[in-house]
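The lines below spell out each chain.
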Number of protein chains: 2
Amino acid sequence: MTTPAPNPTIRRLDVASPVPADIDIANAVEPLHIADVLLSVLDKLQGQQDGYYVVVGGITPTPLGEGKSTTTVGLCQALGAFLDKKVVTCVRQPSQGPTFGIKGGAAGGGYSQVIPMDEFNLHMTGDIHAITAANNLLAAAIDTRIFHEASQSDKALFNRLCPPNKEGKRRFADVMLRRLIKLGISKTDPDELTPEEVRRFARLDIDPASITWRRVMDVNDRFLRKITVGQGPEEKGMVRETGFDISVASEIMAVLALTTSLADMRERLGRMVIGNSKAGEPVTADDLGLGGALTVLMKDAIHPTLMQTLEGTPVLVHAGPFANIAHGNSSIVADKIALKLVGKGGFVVTEAGFGADIGTEKFMDIKCRYSGLTPQCAIIVATIRALKMHGGGPDVVAGKPLDHAYVSENVALVEAGCVNLAKHISNTKGYGVNVVVAINKFATDTDAEMEVVKKAAMAAGAFDAVVCSHHAHGGKGAVDLGVAVQRACESQAEPLKFLYPLDSSIKEKIESIAKFYGASGVEYSEQAEKQIEMYTKQGFSNLPICMAKTQYSFSHVPSMKGAPSDFVLPIRDVRASIGAGFIYPLVGTMSTMPGLPTRPCFYEIDIDTTTGKVMGLS
Amino acid sequence: MTTPAPNPTIRRLDVASPVPADIDIANAVEPLHIADVLLSVLDKLQGQQDGYYVVVGGITPTPLGEGKSTTTVGLCQALGAFLDKKVVTCVRQPSQGPTFGIKGGAAGGGYSQVIPMDEFNLHMTGDIHAITAANNLLAAAIDTRIFHEASQSDKALFNRLCPPNKEGKRRFADVMLRRLIKLGISKTDPDELTPEEVRRFARLDIDPASITWRRVMDVNDRFLRKITVGQGPEEKGMVRETGFDISVASEIMAVLALTTSLADMRERLGRMVIGNSKAGEPVTADDLGLGGALTVLMKDAIHPTLMQTLEGTPVLVHAGPFANIAHGNSSIVADKIALKLVGKGGFVVTEAGFGADIGTEKFMDIKCRYSGLTPQCAIIVATIRALKMHGGGPDVVAGKPLDHAYVSENVALVEAGCVNLAKHISNTKGYGVNVVVAINKFATDTDAEMEVVKKAAMAAGAFDAVVCSHHAHGGKGAVDLGVAVQRACESQAEPLKFLYPLDSSIKEKIESIAKFYGASGVEYSEQAEKQIEMYTKQGFSNLPICMAKTQYSFSHVPSMKGAPSDFVLPIRDVRASIGAGFIYPLVGTMSTMPGLPTRPCFYEIDIDTTTGKVMGLS
């Protein structure tokens, strides 16, 4: 499968055609040992200069995906194994739900994959499980606290929260001191609190209707979308409607992705808001006594996991937040470590989830805002297939055969679809970075079709537009892309220009993003108005905005392809992840818990009990 | 903290008095690196002779626990660090629920602990998280399958389960062939099935009321004990009452503990029964297409985790099934590996959960039955405190100060309480092993009290009875126990005598165990009768019995201390873990989901963000 290469960690692939199944390609390579990369590496490399920082976004995709992950991996294989550059790939860890559901794994594909592919798609080092555990401990604490507050007097509650020790002396746990500060009570001896202070301290008085914290599970379990809890006789009728999200939708995942250090993570986890008191004050994880314990549960998850591409270049896998209700980018911590590890002249390539309107926008306005890092180059991955769809081609539906238009030459459709690419290019250029278009070539694409895309890309202001074939050829198929990216990085000098300043109002920020999408205006529901008012009153209006919108259109309507401009963006609701640090307006309904199909992927997944090899992962 | 010792992996402790907090003792020692022990070690050591096999049980405990784990660890520290024996400790991994709830950790205590204590009590290598993921994937598959069957014709269902490929050809997934065999259909080409066969194959026709498979979570979340799922609009009114158990109560945990190889685990996971069809046939995980995928999720969990005692002797941590609705013993796989690793003349010491009436009974009749291993010595841990309780002392309540009777000499109470110890000794001797009593000494116990226990133990047929002080002194405090255990093992030659043969009826087996408890008879509820009849009809009557009974009495009534004999054991219900391989009669109500108190342990748990050290774990 592999032939010797100059650098001992680099592997050269002997590729086959047609491209075999992903798991077969992955299983044929013997990976190096996987390890955690400790966050403390950052301290050791403090003096080191950062490498070039490259973000991979895409045009508005078809439901089949246009190969952003594959391009990210292929580009790094090219830079590391063929262009002799120091390179680190930074990607998200996928949820286990889709692995066993419809979609299968997310390690790239063909000859551009992260390996070991089975570990990548399964538990890996347990970060998502840690998030599940932490998320659900907080959920259990909320319902139990409401239950205990309902049945105890202020004094009894306080006695239980601060019990006297053998000598009759009480003390506050450290986390309780945070609540006292929040309440403006400057005492540290429990016995000195007045009855009124005891009440304010001990009673969180959570309004059950205001609770936004849901339980999570890393499984596609649609029957948990809406449930009623507390129906056991011991819970004395304190039933409540709630539901489960898939674990990667947990705010804790977004915290992990946006944190910059262990101390920062401790603070973010503690200030996560789970709902309001009946008086309308936000109630936090620290109010419930949990900020420290949640950090303990997440202490290993903060270290990125080192993996590798098929051609032996290093990959840091870390965090995997949703791209709609969260910001869809892998962790700041991994990028920072990687930039120091590659050093001056090296490359860090990271992927931003969904189309560039969502992924790249959030990469710039949320992730780079919190990290302080500046990218030199943004890639936009385009396929002839998706461009044809934007040009008016028939619907592309997962699981159904592609229409003839997609598998034979149709230059006119491609040409018409380039409006979508052009808008992504001009939008992304607005951040002050060089934009390189990667045309992810499929076997049925023709030279004439690709020529049209190149021309349109350059006309729209791209730094370069390059055809690549890394799925079929590994890094070798992305060498031209690698060269273009290197040139783009070397010629970049502008500072990062954010789309909006943080200190403008929530509505002003939403409107900036809507304009960026091409909308003619924004429409707020009553609920959205109410929430914006509440968050503003609570002092959270200075957070960045994380739009929860479909990836299948610049607009809120998946069927509006191309680059629509005659739409008013409707804001149905506005929510917030205060600990992670963003407000997320909901444009339409977002599913946060997938379902299983009648015949899920798990039917094919099994293990060879003799060799221990996993079979049937796709 | 430590002084040099002869063997480089052995550490000598400098003990302090009074004994510091567990986490402080644990944090003061720099552990060796933790690793997985691969199951394949067994193949390599096939020719090796087994060492001695020692099980640690206890008398009927107080709610404070009598130190079984601490004694297990202390004994091994004595054997390894002071008596120069090869020794491996095999213990269960604790649930994370209690760590953050009331009880705190479970790594032993004082100078007899498993370290790193924080890893031991937290995620460790993720085995419990793997169980949660596998358990809940199966749960999601059940509800979704019922949903899909309700809305599709036989033909549509079959078309989705076996979709034609591009060439129009259908194939069965491997796991589907298992269902065909079960149905007596010997065809392997989907196109050859008759419409009737299509119906039988595609329709599991699960009776929702019969579903015994619940979801799990490794969190003390009492509000999930009873819930209603499926209330989302997309689930079209298919609501169902169900609930969550804590993850360690999952049948998959019991499977992990009782399996003997990867191939065996694959079979056990596939034959787990989740409920019945409307016609009363058991429906299995393999019927749902999941046996392989569940094994893939559990592929790393099957390898035990190597940890260490404070004095540097090796510990294999593996599996942690409940001791009531499951069998409460760590894994067969770990014991088998350990017995080969220590070899002839070495010692493997494992703990059996709850009192000896439950833990040791299940160790012998379930675990040893499946493993084929024979123990040479059974330890019964006794404390003066618990014996006084059995002798008529006042109630012992967790969280409340102990009555004077327990902290000052009272020989008469101890003497009266020895009936409990004596019954455990004679019961355990019945298996044909030598019984050594370990008197776990507390600071307030007097010589006269301990002398009474020794005498009573010898009179009841113990091989030896030894005072030990490993909590205060580490291995040094258990040297006498180590010597006694060695003598007991060396003088043991009898084969293991099970309490009942497998081929007797379910009722005969239950009655054997009831008699062993001292009951005068057994009483079955209507529901229990119905279930026994059903399991017998389904062909499961030849499985061993796993009694779900309180550990606080030989009887079903926790307040009946000593050695009661005038009670009739009531069997409220009978359930089964077919994949794990046992029937479990319920004697009273068993809680399978703990709750959080008003002030859970998590209030004290935090991390030092500078050093990364965990604080406040108990």
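Sequence positions are assigned chain by chain, starting from 1 and proceeding in written order. For this description, chains carry letters from A and ligands carry numbers from 1, given in the order in which they are written. A pLDDT threshold of at least 70 governs which residues receive local features in this predicted model, and a stricter bar of 80 or more applies before side-chain atom pairs are shown or counted, although totals over entire chains, interfaces and linings include all residues. The side-chain numbers reported here are obtained from all heavy atoms of the structure, hydrogens and water having been left aside.

What follows covers helix α11 (residues 262–270) of chain A. Where burial is concerned, most of α11 of chain A is hidden: seven out of the nine residues are buried. Any residue under 20% of the maximum accessible area for its type is buried, any over 50% is exposed, and the rest in between are partly exposed; the area is computed with a 1.4 Å probe on protein chains only. Secondary structure is summarised from DSSP: a helix means a run of H or I of at least four residues, a strand means a run of E of at least two, and numbering begins at the N terminus for each. Restricting attention to buried positions, one finds in α11 of chain A the residues Leu 262, Asp 264, Met 265, Arg 266, Arg 268, Leu 269 and Gly 270 of chain A. Whether two residues are in contact is decided by their heavy atoms, any of which lying within 4.5 Å being enough. Buried residues along α11 of chain A sit against α8 (174–182), α10 (251–258), β13 (282–284), α12 (291–297) and α14 (359–371) of chain A together with β24 (606–607) of chain B.

Another point: the nonpolar core. In this structure, Leu 138, Phe 201 and Met 298 of chain A together with Leu 138, Phe 201 and Met 298 of chain B are the most contacted members of the largest nonpolar core, which totals 313 residues. Not counting the four nearest positions on each side in its chain, Met 298 of chain B is found in contact with Ala 130, Ile 131, Ala 134, Ile 252, Leu 256, Met 265 and Leu 269 of chain B. Residues belong to a common nonpolar core when they are buried Ala, Val, Leu, Ile, Met, Phe, Trp, Tyr or Cys residues joined through side-chain atoms within 4.5 Å.

Here the focus is the domain arrangement of chain A. Residues and elements named next belong to chain A. On domain assignment, one finds that chain A holds domain 1 (2–125 + 301–490), domain 2 (128–296) and domain 3 (506–586). For each domain, the first and last residues come from an automatic or database assignment. Put simply, the middle of domain 1 and the middle of domain 3, counted by C-alpha atoms, are 27 Å apart. The interface is formed by 25 residues belonging to domain 1 together with 25 residues belonging to domain 3. Buried area is understood as the total, over both parts, of accessible area removed when two parts are fitted together, assessed with a 1.4 Å probe. For the pair domain 1 and domain 3, the summed buried area comes to about 2,000 Å², and 65% of that belongs to carbon and sulfur atoms. Looking at the side of domain 1 facing domain 3, the largest losses of area belong to Ile 325, Asp 357 and Lys 423, adding up to 24% of the total buried there. By definition here, a salt bridge exists when the distance from a side-chain nitrogen of Lys or Arg to a carboxyl oxygen of Asp or Glu is within 4 Å. The interface formed by domain 1 and domain 3 contains one salt bridge. Lys 549 serves as the salt-bridge partner of Asp 357, at 2.9 Å between the closest nitrogen and oxygen.

Every contact between the two is made by 76 residues of chain A and, on the other side, 76 residues of chain B. Of the roughly 6,700 Å² buried where chain A meets chain B, counting both sides, 64% is carbon and sulfur surface. If you sort the residues of chain A by the area they bury against chain B, Phe 223, Thr 598 and Tyr 603 of chain A come out on top, with a joint share of 13%. On inspection of chain A and its partner chain B, the count reaches 14 salt bridges. No other element matches helix α6 (residues 127–151) of chain A, which puts twelve residues into the side of chain A that touches chain B. In terms of residue class, the side of chain A that touches chain B is made up of 36 nonpolar, 18 polar and 22 charged. Under the scheme applied here, ten amino acids are nonpolar (Ala, Val, Leu, Ile, Met, Phe, Trp, Tyr, Cys and Pro), four are charged (Asp, Glu, Lys and Arg), and all others, including Gly, are polar.

Residues and elements named next belong to chain A. Note on ring pairs: Phe, Tyr and Trp rings are taken, using the six-membered ring of Trp, and paired if centres are within 6.5 Å. Classes follow the plane angle, with under 30 degrees stacked, over 60 edge-to-face and the rest tilted. Tallied over the full model, the rule gives 21 aromatic pairs over all chains. Plain terms: the ring middles of Phe 158 and Phe 172 are 6.3 Å apart, the flat faces sit at 65 degrees to each other, and that makes the pair edge-to-face. Of this pair, Phe 158 sits in helix α7 (residues 154–161) while Phe 172 sits in the loop between α7 and α8, placing them 14 residues apart in sequence. Here Phe 158 falls in the buried class, since its relative accessible area comes to 6%.

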